[in-house]
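As a plain string of letters, each chain reads:
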Amino acid sequence: MDPDQVLFDDLELEYEGNALTPMHAKGAVPADLSTIRRHGLVSSIFLASGLHSDRQEGELPPRVHIATTKAKIKWFGALCVTGIGMFVEAFIIITTGQIKTVWHDAYPTCFVPDEEVKCPNLIQCQGLFPNTPETVAGTNPNWCQDDGTYKDNLLCTPGVIHSLSYVEFAGIMLGMLTFGKLSDLMGNQSAAILAAFLQLIGILMMTFFYNISLNTTFIVFNLFFGIFGLGVGGEYPLTAASAAAHHAESAEDALLDSEERHKVRMLREKARSIRRGETISMAFAMQGVGAVIGSVFLLCLLYLSNQDKIDCTVQGHLPSGYSDEALSSVWSTFYFIGFIFVAMVLIYRGLILDEGNDGHGKLLARKQRRLEKLGETPSTWKILKFYAPRLIGTGGAWFVWDIAFYGLKLFSGNIFAQINPEGDLATTNAYLLINNLCALVGYYAAAYVIDKPSIGRKRLQLASFIICAVLFIITGAIFNTASAQLLLFLFYISSFFGQLGPNVTTYVMAAESYPTELRATCHGISAFLGKAGALVATISFNYLTSPQIFYVCGGAGILGAFFTFFFSVDLTHVSLAEHDVQLELFLEGRIDEYKGKLNDKKHLSVFESMTGRHGEYVSDWANDLISNELTMHSKLGDKDADTLHFKIAEEETSPSEVDVEGTHRQ
């Protein structure tokens, strides 16, 4: 994203080759960092001044400076690399919902022992399937015990099977809680390598471990699925910590820039603010890409192994009509492909990526300066209490959405099998591929509209929550009577609106609702609550019928609309620097002096407006505060105050062009 040809209401630009010549701009900033320190000024104020664009109509700024194919590919590729962690997570975790369809047919004695099978003529032993013929002798020594029933090594306990749906989320949540501290102890890049290594070990054992007992096999699979989830969960705080460190380094460097360079930084910050939602959404859309690619790979593996159709005529096939050896190879090969993706990420981080520790060190130095200025470390509880309404909005909406999103994703195989009970594995997974394609369109549609002032984040999320709730409730009500075609249509359209709205917007809003220093913590809390919702769904949905699952998802949509309407804020086009200066004034006990965009009624939640949890909004307050503070220091006799020269500067910057808060690191 390049702002070189952007024209803002309060900033005139002349384009000269590859350079910018700002003709005039609002805001004044002391020339060097030492001056700011001596005066004790609220340094974040200098970037917040004059950054917000009030225009409500017209085109958004161009994504690239020169609209060539090469430039567009480079822009899109950078966003894809940023979201590669989301790709890997979706490829392995979300597609596990489809892998379950393979497990059901590969191990029917383990997964569906109390359901009728499609090839009763291939049942080997007595005691399990309801449609077992009375003529089955149960004499096959490879399958049956002496009494004619199936051997114990072919059976699984219900707890082990149910835990396949939620153990990874327990690991993800633990990773979210622990890797932030690990980053402080060992550095962000080392912690990121550890997270990728845990994912590698997890997926390696998930792929290659085998035991003659199916129950033992899936117990070990669960253990290492949880370890894989631990590494995935670590990506969330590490991403936010990396971005915060980048901000600190960029802020320090900005204060030492030349005047012209600072003007360019200011312009870039304005452009990033205007297209921030699209940038985050495009990186997050790699989750949808991962789900689609996973579906494609699984279908190809089914066809290549000749397991795309049910065949009840082959002796040695399972009662499901498939070969157990072939299907075992299908799902283990699929996870091996995932292993290759994770290995590539680990190699990239360990051998190619060089983040350094400068940003992390400067972030710690900034906190130390605040400690010296205030004389005490700010209370974490006091800070979180201040941001509690925002956390209810971001975390609450994320929690209820993940109940529906992950619940339907992980149980999609079972649902589609009921929608199309006569369908074979290939048909069922082809339907799921279409569903993932509809969802992927929703991801990119969200990126296209999310920054439009007439739509924005909050309206998009609220409308989509309501639409999804209605669709889910209708689907549940007619599930047992409607045609398969109608149910498929409702499922597909709900997938589109789910990604168009809450699946993307909950992620974006959590990434932009908090100041730099708290973004790792608050985004982590919101993501943790989201995964808690997924955990609730995966545990409880095991005991629900498909219509009941849709009713619960409909209720989640209604709750999501409630959280969105009362607690969510719309920060479309608002600079993230506004959060930083608000926090800085709050920590100094001067929150009444903040009169920026976050106090503007259109950027407040209904709850904040009703309870008065906001101050006054004055459009030019930042410049007034700067002038007042400098005047105050001048009256106190500071000799430097009369000789300050000014420049456009930057402190606590927002994410770089593709450095997205809350997204997975590459």
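About the thresholds
- Residues numbered from 1 in each chain as written.
- Predicted model: local features only at pLDDT ≥ 70, side-chain atom pairs only at ≥ 80, totals over all residues.
- Heavy atoms only, no water.
- Salt bridge = Lys/Arg side-chain N within 4 Å of Asp/Glu carboxyl O.
- pLDDT = per-residue confidence, 0-100.
- Contact = heavy atoms within 4.5 Å.
- Patch = residues over 30% accessible without salt bridge, like charges linked within 9 Å, V, L, I, M, F, W, Y side chains within 5 Å.
- Areas by Shrake-Rupley, 256 points an atom, 1.4 Å probe, with all protein chains shown as cover.
- Helix = DSSP H or I, 4+ residues; strand = E, 2+ residues; numbered from the N terminus.
- Disulfide = S-S within 2.5 Å.
- Buried < 20%, exposed > 50% of the residue type's maximum accessible area, 1.4 Å probe, protein only.
- Phe/Tyr/Trp six-rings, centres within 6.5 Å; stacked < 30°, edge-to-face > 60°.
- Lys NZ or Arg CZ within 6 Å of the ring centre and 35° of its normal.

Engineer: Please give an account of the pattern of salt bridges that cites residues and values.
Structural biologist: Applying the stated criterion to the full structure yields 11 salt bridges. Aspartate 451 is paired through a salt bridge with arginine 457; the nearest N and O atoms lie 2.9 Å apart. The shortest N-O distance in the salt bridge between glutamate 593 and arginine 590 comes to 2.9 Å. One network of salt bridges, with partners in common, ties together Arg276, Asp451, Arg457 and Glu512.

Engineer: Please set out the confidence of the model for the protein residue by residue, giving values where relevant.
Structural biologist: Overall, the predicted model of the protein reaches an average pLDDT of 79, with 76% of residues at or above 70. Segment residues 1-41 is flagged for pLDDT under 50; beyond a separation of four residues in sequence, or across chains, it makes 119 contacts in the model. Below pLDDT 50 for its whole length, residues 49-58 participates in 31 contacts with residues either more than four positions away or in separate chains.

Engineer: So, a nonpolar patch on the surface: which residues are in play, and what are the values?
Structural biologist: Where nonpolar side chains cluster on the molecular surface, the patch consists of Phe208, Phe336, Ile340 and Met344 and spans about 390 Å² of accessible area. Considering every element that reaches the nonpolar patch, the biggest residue donor is helix H14 (residues 324-352), with three residues. Tracing the chain through its elements places phenylalanine 208 in helix H9 (residues 188-208).

Engineer: Requested: an account of the state of the cysteines, with residues and values cited.
Structural biologist: Scanning the model with the defined rule gives three disulfides in all. Note that cysteine 110 is cross-linked by a disulfide to cysteine 156, the S-S spacing being 1.7 Å. When the S-S torsion is -105°, as for the bridge of cysteine 110 with cysteine 156, the disulfide is left-handed. In this pair, cysteine 110 is assigned in helix H6 (residues 108-111) and cysteine 156 in the loop between H6 and helix H7 (158-163), connecting sequence segments 46 residues apart. On the accessibility criterion, cysteine 110 (4% relative accessible area) is buried. The disulfide that involves cysteine 119 links it to cysteine 312, with 1.8 Å between the sulfurs. Judged by the sign of its S-S torsion, about -65°, the cystine formed by cysteine 119 and cysteine 312 is left-handed. In this pair, cysteine 119 sits in the loop between H6 and H7 while cysteine 312 sits in the loop between helix H13 (286-304) and H14, placing the two residues 193 residues apart along the sequence. With relative accessibility at 25%, the residue cysteine 312 sits in the partly exposed group. Taken in N- to C-terminal order, the disulfide-linked cysteines of the protein are connected 1-5, 2-6, 3-4. With no disulfide of its own, cysteine 468 has cysteine 553 as its nearest cysteine by sulfur position, at a separation of 9.8 Å.

Engineer: Which residues make up the packing of aromatic side chains, and what values do they have?
Structural biologist: Tallying each qualifying case throughout the model produces 42 aromatic pairs. Measuring from ring centre to ring centre gives 6.4 Å for phenylalanine 562 and phenylalanine 567, while their planes differ by 70°; the resulting arrangement is edge-to-face. With a relative accessible area of 40%, phenylalanine 562 lands in the partly exposed category. On the basis of relative accessibility, which here comes to 13%, the residue phenylalanine 567 falls in the buried class. Note on phenylalanine 563 and phenylalanine 567: the rings are 6.4 Å apart at their centroids and 40° apart in plane angle, and the pair reads as tilted. Of this pair, phenylalanine 563 and phenylalanine 567 both sit in helix H23 (residues 546-567), four residues apart, roughly one helical turn. Judged on exposure class, the residue phenylalanine 563 and its partner phenylalanine 567 are both buried. The ring of phenylalanine 586 carries lysine 382 above its face, with NZ or CZ at 5.4 Å from the centroid. The ring of tyrosine 448 has lysine 452 lying over it, and the distance from NZ or CZ to the ring centre is 4.8 Å.

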